[in-house]
Amino acid sequence: MPSSPSRQAELQRLAARPFAHRGLHGAGRIENSRAAFQAALDCGHGIELDVQASRDGEAFVFHDYDLRRLTGREGGVADLPSASLAAITLTGTDETIPPLPEILALVAGRGGLLIEVKAKGASVYHLCASVAAALEGYDGPVGVMSFNPHVGHWFARHRPAILRGMVVTEENKRGLRGAIERRLALWRARPDFLGYDVRDLPSRFAAACRNRGMPVMTWTVRTAAQRATAAAHADQIIYEDRE
């Protein structure tokens, strides 16, 4: 939970505008691409993006663990070294998979940035350290977030100044067991904000966190009905234009 007025101010700065989910993609722009990020910036909006680690531990902006859907290539992101990943083109474009530092240079503080850290299990060190190194000296509003509570725990211990969020979905995690899991994850991750599945709103867990001063960003908002839900139960949206 935010513990100081300055941290609250950072959160307000981060969440000042809606976030384009994986950039403003569609109309020939592929998700998590330079073109999609530039389009979001041109609209004056923030950006949500995904990062995962190459075989040698460098942070690359890419959503799927498998390369096939977005590149047509076989294999996984974690199977290849950074030099190989940086040479792979995104399907239907002449763009390559971008390393995180390049996207940070592109955004350059012009909009809020949510970095979803995609790490499996407890082995989060290399990816978290790569993200933290890329963010050294970055002056724009930024937060890291993850479904994996070990990521939040790493940043709380090693880079506590960076805003951190916990991504939550209640899908297949309802009832008492799901509630206990969410509380344990909250304790482990020590987030400043939540990234909550809009399909689960309203949620007693989200409402309780929000009432204690923890902002809720909600994903992925695609319809007018979901925008209305978000307006009532969240502080900012992570959206895709579908209507």
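The rules behind each value
- Residues numbered from 1 in each chain as written.
- Predicted model: local features only at pLDDT ≥ 70, side-chain atom pairs only at ≥ 80, totals over all residues.
- Heavy atoms only, no water.
- Helix = DSSP H or I, 4+ residues; strand = E, 2+ residues; numbered from the N terminus.
- Rg over C-alpha atoms; globule rule 2.2 N^0.38 Å.
- Buried < 20%, exposed > 50% of the residue type's maximum accessible area, 1.4 Å probe, protein only.
- Contact = heavy atoms within 4.5 Å.
- Axes fitted to C-alpha atoms, helices over the stretch in contact; angles between N-to-C directions.
- Parallel < 35°, antiparallel > 145°, perpendicular 65-115°, else oblique.
- Left-handed = near helix turned anticlockwise from the far one by under 90°.
- Nonpolar A, V, L, I, M, F, W, Y, C, P; charged D, E, K, R; others polar.
- Patch = residues over 30% accessible without salt bridge, like charges linked within 9 Å, V, L, I, M, F, W, Y side chains within 5 Å.
- Areas by Shrake-Rupley, 256 points an atom, 1.4 Å probe, with all protein chains shown as cover.
- Salt bridge = Lys/Arg side-chain N within 4 Å of Asp/Glu carboxyl O.
- Pairing = 2+ DSSP bridges.
- Right-handed = clockwise from strand over helix to strand, strands pointing away.
- Core = buried A, V, L, I, M, F, W, Y, C linked by side-chain atoms within 4.5 Å.
- Lys, Arg positive; Asp, Glu negative; His and termini not counted.

The protein goes by Glycerophosphoryl diester phosphodiesterase in an unreviewed UniProt entry, where it is assigned to Allosphingosinicella indica.

Enquirer: Looking at this model, I keep getting lost on the overall build of the protein. Mind explaining?
Expert: A count of helical and extended segments in the protein gives 10 helices and nine strands. For a compact globule of 243 residues, the expected C-alpha radius of gyration is about 18 Å, and the protein comes in at 17 Å, within 12% of that figure. Its C-alpha atoms give the protein principal-axis dimensions of about 45 × 40 × 35 Å. Scored against the burial criterion, the 243 residues of the protein give a buried share of 53%. Put simply, of all contacts in the protein between residues at least 6 apart along the chain, 58% involve residues at least 24 apart.

Enquirer: It is not clear to me how the packing of helix H5 (residues 100–107) against helix H6 (residues 125–135) should be interpreted in this structure. Could you clarify?
Expert: For any two helices packed against each other, the geometry is given by the interaxial angle and the distance between the axes. At a minimum axis distance of 9 Å, the contact between H5 and H6 shows a crossing angle of 30 degrees. Relative to H6, the element H5 is oriented roughly parallel. In this structure, H5 meets H6 at a crossing whose hand is right-handed. Touching Leu-100, Pro-101 and Leu-104 of H5 are Val-131, Ala-134 and Leu-135, all from H6. Here the contact of H5 with H6 is composed, by residue class, of six nonpolar, no polar and no charged.

Enquirer: How should unusual backbone geometry be read in this particular structure?
Expert: Comment: phi is negative for the bulk of residues other than glycine, and the bulk of peptide bonds are trans. Residue Leu-201 is joined to Pro-202 through a cis peptide bond whose omega torsion reads 0 degrees. Note on placement: Pro-202 falls in the loop between strand S7 (193–197) and helix H9 (204–211). The phi dihedral of Asn-172 is positive, around 65 degrees, even though this residue is not glycine. Given a relative accessible area of 75%, Asn-172 falls into the exposed group. One non-glycine residue, Arg-190, lies in the positive phi region at around 50 degrees.

Enquirer: Can you walk me through a nonpolar patch on the surface in this structure?
Expert: A grouping of Leu-176, Ile-180 and Leu-184 is seen on the molecular surface, where their side chains present a nonpolar patch of about 310 Å² in accessible area. Positionally, Leu-184 belongs in helix H8 (residues 175–189).

Enquirer: I would appreciate a short explanation of the pairing of strand S6 (residues 163–168) in the present structure.
Expert: For a regular strand, the rule is simple: side chains alternate between the two faces of the sheet. Across the six residues of S6, six count as buried, placing the element largely inside the fold. Burial along S6 is two-sided: the residues Leu-163, Gly-165 and Val-167 and Arg-164, Met-166 and Val-168 are all buried. In the sheet, strand S5 (residues 142–146) pairs with S6 via four bridges, with the strands oriented parallel. Within S6, the position partnered with Gly-143 by the bridge is Leu-163. Taken together, S5, helix H7 (residues 149–158) and S6 form a β-α-β motif whose crossover is right-handed. As for the winding sense of the linkage, the β-α-β connection from S6 through H8 to S7 is right-handed.

Enquirer: In this structure, what is going on with the nonpolar core? I would like to understand it.
Expert: Generally speaking, nonpolar side chains in soluble globular proteins are found buried as a group. Residues Leu-49, Val-51, Leu-100, Ile-115, Val-131, Leu-135 and Phe-155 are the most contacted members of the largest nonpolar core, which totals 38 residues. Contacts of Val-131, omitting those with residues within four sequence positions, involve Val-51, Ala-59, Leu-100, Val-117, Val-144 and Phe-155. Counting residues in hydrophobic clusters, the runner-up holds 14 residues, among them Met-166, Ala-185, Leu-201 and Ala-234.

Enquirer: How should helix H2 (residues 34–42) be read in this particular structure?
Expert: Because an α-helix packs 3.6 residues into every turn, residues spaced three or four apart end up facing the same way. Here H2 has its buried residues at Arg-34, Ala-36, Phe-37, Ala-39, Ala-40 and Leu-41. In this structure, the buried side of H2 is in contact with strand S1 (19–21), strand S2 (46–53), strand S3 (59–61) and H5. Immediately beyond the C-terminal end of H2, within one or two residues, lies Gly-44, with a positive phi of roughly 75 degrees.

Enquirer: Just to check I follow, could you spell out the side chain of Glu-48 for this structure?
Expert: Structurally, the position occupied by Glu-48 is in strand S2. Buried and unpaired, Glu-48 has no salt bridge, with Arg-22 as the nearest side chain of opposite charge at 5.0 Å.

Enquirer: Explanation requested: the environment of Asp-139 in the structure shown.
Expert: With respect to the element layout, Asp-139 can be found in the loop between H6 and S5. On the basis of relative accessibility, which here comes to 66%, the residue Asp-139 falls in the exposed class. A C-alpha to C-alpha distance of 7.6 Å links Asp-139 and Ala-108, two positions 31 residues apart in sequence.

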